[in-house]
Amino acid sequence: MKKSLLITISVIAAFILLAFIFYVVDEKEQVVILQMGKPVRTVTAPGMHMKLPWPIQNVVKFDDRLLDYDTQPTDVLTKDKKYLIVDNFAKWRIADPLKFLQGVRDEKGAQSRLDDIIYSELRVQLGNHDMQEVITESREDIMQAVTRDSDLKARAYGIQIIDVRIKRADLTKENENAVYERMRAERQRIANQYRSEGEEEALKIRATTDKEKEIILAEAYREAQILRSKGEAKAIEIYANAFKRDPEFYEFVRTMDAYKKIFDDKTTIVLPPNSSIFKYLK
Amino acid sequence: MPIPKKTIIIGGESFEIPDFAKFFGGGLRLILMIVGALWLLTGVFIVGPDEQGVIRRFGKFSRVATSGLNYHLPFPLEVVQKPKITEVKRVEIGFRTIEQGPPAEYRQVPMESLMLTGNLNIIDIDMIVQYKIKDAVAYLFNVKDAGETIQKTAEASLRQVIGRHDIDEALTTGKFAIQEETMTLLQQVLDKYDIGVLIVQVQLQDVHPPQEVAPDFKDVASAKEDKERKINQSQGYRNDVIPKARGEAEKMLREAEAYAAKRIAESEGDAKKFINIYAEYSRAKDVTRKRMLLETMEQILPGVQKYILTSEGQINLLPLAGQNPAKTGQ
């Protein structure tokens, strides 16, 4: 019985001792070992490690993940003297826990240091660009420049800045109203343009239509006249061919026909007595 | 049952302490064994079909367990986390879903949805980003607040992309390109963070001009329609006029053809008639000629009023017409 009690006690004692000597570094963490308050080494490799027992050495833990930095939106002046409300965030990590511990102590301290560094770099960069550039083509360049420069400065505090990103770059209220005014004017211009274009197209189509109509009719007239004249010519030829056999007889026959048409019941004729028709009356 | 006591001697003095060994007897070993077995059993875990089990031994990543029944050394030696790797998560930009519904309820977040376009116009855009975990280890250990990071980065990416397009593109034909560009950019930035996430889809939900200028945009739409209407009307005019003109042209041609054919046919008829008459006539010219003259006279004279001059110069009415009263000239 004595023996088993001894085993139990020694196991418990061993656990307590282990807890003082061994420590665990998580995947998400990195640590600094302090010996009587003085940093002796940093450990970033996860797993179980050994140290001298408390209170000789103790462990300060830091996050080893990518951390977030975010601020309230701030007014920043661009090169063309316009204010932009810039809302940015940054991704950073504790690159050197020792410097970090000495420089800013903890994440809270880091936030305010990052405030100073990033805001000043952002102001410098935005001050070198016109508003239009910030909004459109240069945004990526600006963010990269801010990241690069603020990373350089932050290294002194054991901080690595991975990325500074402009989340929003908006106009101030007064500028916003000016933009709405401009948008309105632009839309009205476009609407007017559409309407005029409609008018233009419509007139073009109508004019073309009228032109084509005239041409169609005129061409038809030309063809018709040619057809008519050909018929006429042919008829003349046929008549001529027939009548040239005896022009005098044709004249006679034609005259007879003409008489039949000329005289009707309204006609009054005066016949001389020697008219050939009365030859036999005498 | 009274707890048995035993006496121990420390520094010459004797104390009475409870004798647990005796109290539990052989039971103590059994209890310890049971506790030990239960402790070992806490390492059994099940990984669901949509999960991966990420196991850390003393904080250090050790292995990934796949779906099914698995075992890890009991706490505190090993711990397991089971992120859902097939689940598609979503991030909303410009609005938030308050109530899944149905009916679904949304709240607009103008702070997020209003943004500047390339030609310095303001546009109102709602967007959804869908993502899933592509690397569970990276997802768990590399970035703090992965969800929030994705939300922020998505918003930044969308604004950056919109800054490269003008408002008309964003409202109409450019939507697809904007989605693609945002997705590419977002994935690129997140890969830089090594966050272990795959963007599955970027979907622009609702893209419209801000309320302040909405009527003007509507007017442009109606102007576009006006334009179409005007063009259609004149097309209608054209469709009316041209076929009619063609019809009329056709009519003119047919009439001309008819006229020509008529003239030719008539002339041929006349010619034939003349030739036929002439053939007979040439046999007895004189007689035929006289006969024709007389026949003509016969035909025409009955219908007309006739006066006949006498040799003295008087006009005598031929009483042939009947009722006509006699007239005497001079």
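Because the structure is predicted, anything quoted here is derived from the model rather than measured. (Residues numbered from 1 in each chain as written. Chains lettered and ligands numbered in written order. Predicted model: local features only at pLDDT ≥ 70, side-chain atom pairs only at ≥ 80, totals over all residues. Heavy atoms only, no water.)

We now examine the overall build of chain A. Along its length, chain A carries seven helices and 10 strands. Its C-alpha radius of gyration of 56 Å places chain A more than 25% over the 19 Å reference for a compact globule of 282 residues. When the backbone C-alpha atoms are referred to their principal axes, chain A occupies close to 190 × 60 × 35 Å. Buried residues in chain A amount to 38% of all 282 residues. Counting only contacts in chain A whose residues sit at least 6 apart along the sequence, the fraction spanning at least 24 positions is 63%. Element-wise, carbon and sulfur atoms account for 57% of the exposed surface of chain A, whose accessible area totals about 15,900 Å². Taking the average place of the 47 positive charges on the side chains of chain A and the average place of its 46 negative ones, the gap between the two points comes to 4 Å. (Helix = DSSP H or I, 4+ residues; strand = E, 2+ residues; numbered from the N terminus. Rg over C-alpha atoms; globule rule 2.2 N^0.38 Å. Buried < 20%, exposed > 50% of the residue type's maximum accessible area, 1.4 Å probe, protein only. Contact = heavy atoms within 4.5 Å. Areas by Shrake-Rupley, 256 points an atom, 1.4 Å probe, with all protein chains shown as cover. Lys, Arg positive; Asp, Glu negative; His and termini not counted. Charge placed at Lys NZ, Arg CZ, Asp CG, Glu CD.)

Here we take up a nonpolar patch on the surface. All names here are of chain B. Taken together, Leu30, Ile34, Leu38, Trp39, Leu40, Leu41, Val44, Ile46, Leu69, Tyr71 and Leu73 make up a surface patch of nonpolar side chains, about 1,100 Å² in accessible area. At the level of secondary structure, the elements contributing two or more residues to the nonpolar patch comprise helix 2 (27–41), strand 3 (44–47) and strand 6 (68–71). Looking at which element gives the most residues to the nonpolar patch, the answer is helix 2, with six residues. Along the polypeptide, Trp39 turns up in helix 2. (Patch = residues over 30% accessible without salt bridge, like charges linked within 9 Å, V, L, I, M, F, W, Y side chains within 5 Å. Salt bridge = Lys/Arg side-chain N within 4 Å of Asp/Glu carboxyl O.)

Looking at where Glu155 of chain B falls in the secondary structure, it is placed in helix 5 (residues 146–162). Reaching out from Glu155 of chain B, the side chain makes a polar contact with the side chain of Arg168 of chain A at a distance of 2.5 Å. Beyond its immediate chain neighbours, meaning those up to four positions away, Glu155 of chain B contacts Lys167 and Arg168 of chain A together with Ile93 and Glu112 of chain B. (Polar contact = N/O pair within 3.5 Å; in protein donor to acceptor, adjacent residues only side chain to side chain.)

All right, on to the sheet that holds strand 2 (residues 29–35) of chain A then. Residues and elements named next belong to chain A. Read across the sheet, three strands follow the order 3-2-5 without closing on themselves; strand pairing throughout is antiparallel. Among the strands making up the open sheet, the edge pair consists of strand 3 (38–43) and strand 5 (57–63). Taking the axes of each pair of neighbouring strands and ignoring which way they run, one obtains an average angle of 30 degrees across the sheet. Sheet topology places strand 2 next to strand 3; five bridges connect them, and they run antiparallel. Bridging from a neighbouring strand, Leu34 pairs with Pro39 of strand 3. (Pairing = 2+ DSSP bridges. Axes fitted to C-alpha atoms, helices over the stretch in contact; angles between N-to-C directions.)

Nothing here speaks to function; it is geometry throughout.
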